[in-house]
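Results of the structural survey
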Amino acid sequence: MSKLYSRVTDEMNYFEGKDPVALAKEYQTPLYVYNERILRQRCRDLKNMVKYPNFVVDYSAKANCNLAFLQIVKSEGLEVDAMSPGEIYVERQAGFAPEEIFYIGNNVSAEEMQYAIDAGVHISVDSLSQLEQFGQLAPGHEVAVRFNPGVGAGHHEKVVTAGKKTKFGIEPKYIPQVKELLKKYNLKLIGINQHIGSLFMTGEAFTASIGALFEIAKQFPGLKFIDMGGGFGIPYRKEEGEAPLDIKELGEAIDRAISAFVKEYGEQVTFRIEPGRYISAECSVILSRVHSVKQNHDKKYVGCDCGFNVLQRPIMYDSYHGIEVYRESEQPSKGTEAVTVVGNICESGDILAKDRVLPEIFKGDVLGILDAGAYGFTMASNYNNRLRPAEVLIRENGEVVLIRERETLDDLMRHMIPLNV
Ligand SMILES: *Cc1c(COP(=O)(O)O)cnc(C)c1O
């Protein structure tokens, strides 16, 4: 046996002929397994979604910031955004030139802003006070401003990042103050940007928001770019046949909006999008070993080694991840049943899936947790002093390479300073 319940990965040929149970044995679990072919395909989907020539896809690296991962994204001709000096640093290591990095700061210190200025990357500020700080640090410099046109979208309150109830961006009514600050510090506004939120599955909110953003852009002649933001969703409920976002339809809607805008604006501005999840989510599966199966009162629990220190999305956002079952032995499952799949963290909220109907699972089985490549490893932690997992990449030729070592116990001690007691 081996692939007992694996329709989604089979259809994608996710493991490229490799046996997930063998991978789990060789590299141990929990393990992030990436697929290079699918990653490259997602990059190409987006690069080609719009016909307008001056169109740039900035990969939003907070979704997945592994070095090898960024190198692949770079080789596909994408650029990147950054949310912190740490992301700028790793992106530079991955080969992105400063001008290919767009730093979208939010409430950052003067030191952090200075780091970005010194790094020579494009910088966006998202409040009047941050614009003032930027002006003081770099008078005469180029800058971008993040607006909040009042349209938001997203799968969970915590990921809606525009609209009336969020901390992000500058309200359009402050445009006169923005202009005053630009003048005061002799700043050149080169771009405006927005990001309405994460994981929309239809294009309406996005299309509405770019209409609002373009209205703002008309008040600033001479822009080099307009960044429309990310948030492109992926179907997490693949086993239930959830349809993907219609990228072709959305691309056509964006093209229509762009050509109407450019005609009126009179300049061939560059348009950017900055998706993270769409590019990185579907090219990763976490392999996790089942260490215990038990009945507790009226529920059956499947206990594995993928706690929320490895994958935080379910506890953080109530997110759904598809789960597959792989097995080495020939022992058949007696049928399907509803189980609650939990990790090994000492908290009752450590739940990967509640009442999920799966084939009968045995101790020793390997679970495949699907669509884990976005906000997966980047949100992993050492909670409970657990070690962050290894990451491997299945290359296009089927070769498997290690792209991050599993942490060791020594790593836990690295920054600790013992007392002299
Ligand atoms: C997180 C973020 C993105 C990417 O969001 P996705 O939903 O992963 O596409 C883009 N832009 C900004 C400013 C963000 O904070």
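Thresholds applied
Residues numbered from 1 in each chain as written. Predicted model: local features only at pLDDT ≥ 70, side-chain atom pairs only at ≥ 80, totals over all residues. Heavy atoms only, no water. Near = heavy atom within 4 Å. Polar contact = N/O pair within 3.5 Å; in protein donor to acceptor, adjacent residues only side chain to side chain. Nonpolar A, V, L, I, M, F, W, Y, C, P; charged D, E, K, R; others polar. Axes fitted to C-alpha atoms, helices over the stretch in contact; angles between N-to-C directions. Helix = DSSP H or I, 4+ residues; strand = E, 2+ residues; numbered from the N terminus. Parallel < 35°, antiparallel > 145°, perpendicular 65-115°, else oblique. Contact = heavy atoms within 4.5 Å. Buried < 20%, exposed > 50% of the residue type's maximum accessible area, 1.4 Å probe, protein only. Pairing = 2+ DSSP bridges. Right-handed = clockwise from strand over helix to strand, strands pointing away. Arc of directions from axis to C-beta.

**Digging into the site of the ligand**
- What surrounds the ligand is a group of 14 residues, the closest being Lys 62, Ser 198, Glu 274, Arg 277 and Tyr 375.
- In the environment of the ligand, an oxygen atom lies 2.3 Å from a nitrogen or oxygen atom belonging to the side chain of Ser 198.
- Interatomic distance of 2.5 Å between a side-chain N/O atom of Tyr 375 and an oxygen atom of the ligand.
- Of the residues belonging to the shell around the ligand, the class tally is 3 nonpolar, 6 polar and 5 charged.

**Observations regarding the packing of helix 7 (residues 128-137) against helix 8 (residues 175-184)**
- The interhelical angle for the contact between helix 7 and helix 8, taken along N-to-C directions, is 10°, at an axis separation of 10 Å. When the axes of helix 7 and helix 8 are compared, the pair comes out roughly parallel. In this structure, helix 7 uses Leu 128, Leu 131 and Glu 132 to contact helix 8, whose residues at the interface are Gln 177, Val 178, Leu 181, Leu 182 and Lys 184.
- Partitioned by chemical class, the residues of the contact of helix 7 with helix 8 number 5 nonpolar, 1 polar and 2 charged.

**Considerations on unusual backbone geometry**
- In this structure, Pro 30 follows Thr 29 across a cis peptide bond, with omega equal to -10°.
- Structurally, Pro 30 can be placed in the loop between helix 2 (20-27) and strand 2 (31-35).
- Even without a glycine there, the phi angle at Asn 13 is positive, about 50°.
- Inspection of the secondary structure puts Asn 13 in the loop between helix 1 (7-12) and helix 2.
- Phi angles above zero are rare outside glycine, and Asp 371 is one such case at about 55°.
- On the secondary structure map, Asp 371 appears in the loop between strand 16 (366-369) and strand 17 (390-394).

**A few points about the pairing of strand 7 (residues 142-146)**
- Here strand 7 lies mainly inside the structure; 4 of its 5 residues are buried.
- As paired strands, strand 6 (residues 122-125) and strand 7 are joined by 2 bridges and run parallel to one another. Considered in strand 7, the bridge of Val 125 is made with Val 145.
- Of the crossover connections in this fold, the one passing from strand 6 over helix 7 to the parallel strand 7 is right-handed.
- In the sheet, strand 7 pairs with strand 8 (residues 188-193) via 5 bridges, with the strands oriented parallel. Its bridge partner lying in strand 8, Ala 144 is registered against Gly 191.

**What about the side chain of Glu 79?**
- Mapped onto the secondary structure, Glu 79 falls in strand 4 (residues 79-82).
- Assessed through its relative accessible area of 18%, Glu 79 is described here as buried.
- Polar side-chain contacts of Glu 79 include one of 2.7 Å to the side chain of Arg 272.

**With respect to helix 6 (residues 110-119)**
- Of the positions making up helix 6, those classed as buried are Met 113, Ala 116 and Ile 117. Along the axis of helix 6, the buried positions cluster into a sector of 100°, meaning they face one direction only. For helix 6, exposure combined with an orientation more than 90 degrees from the buried face picks out Glu 111 and Asp 118.
- Buried residues along helix 6 sit against helix 5 (85-93), strand 5 (101-104), strand 6 and helix 7.

Remember that the coordinates give geometry; whether it matters functionally is a separate question.
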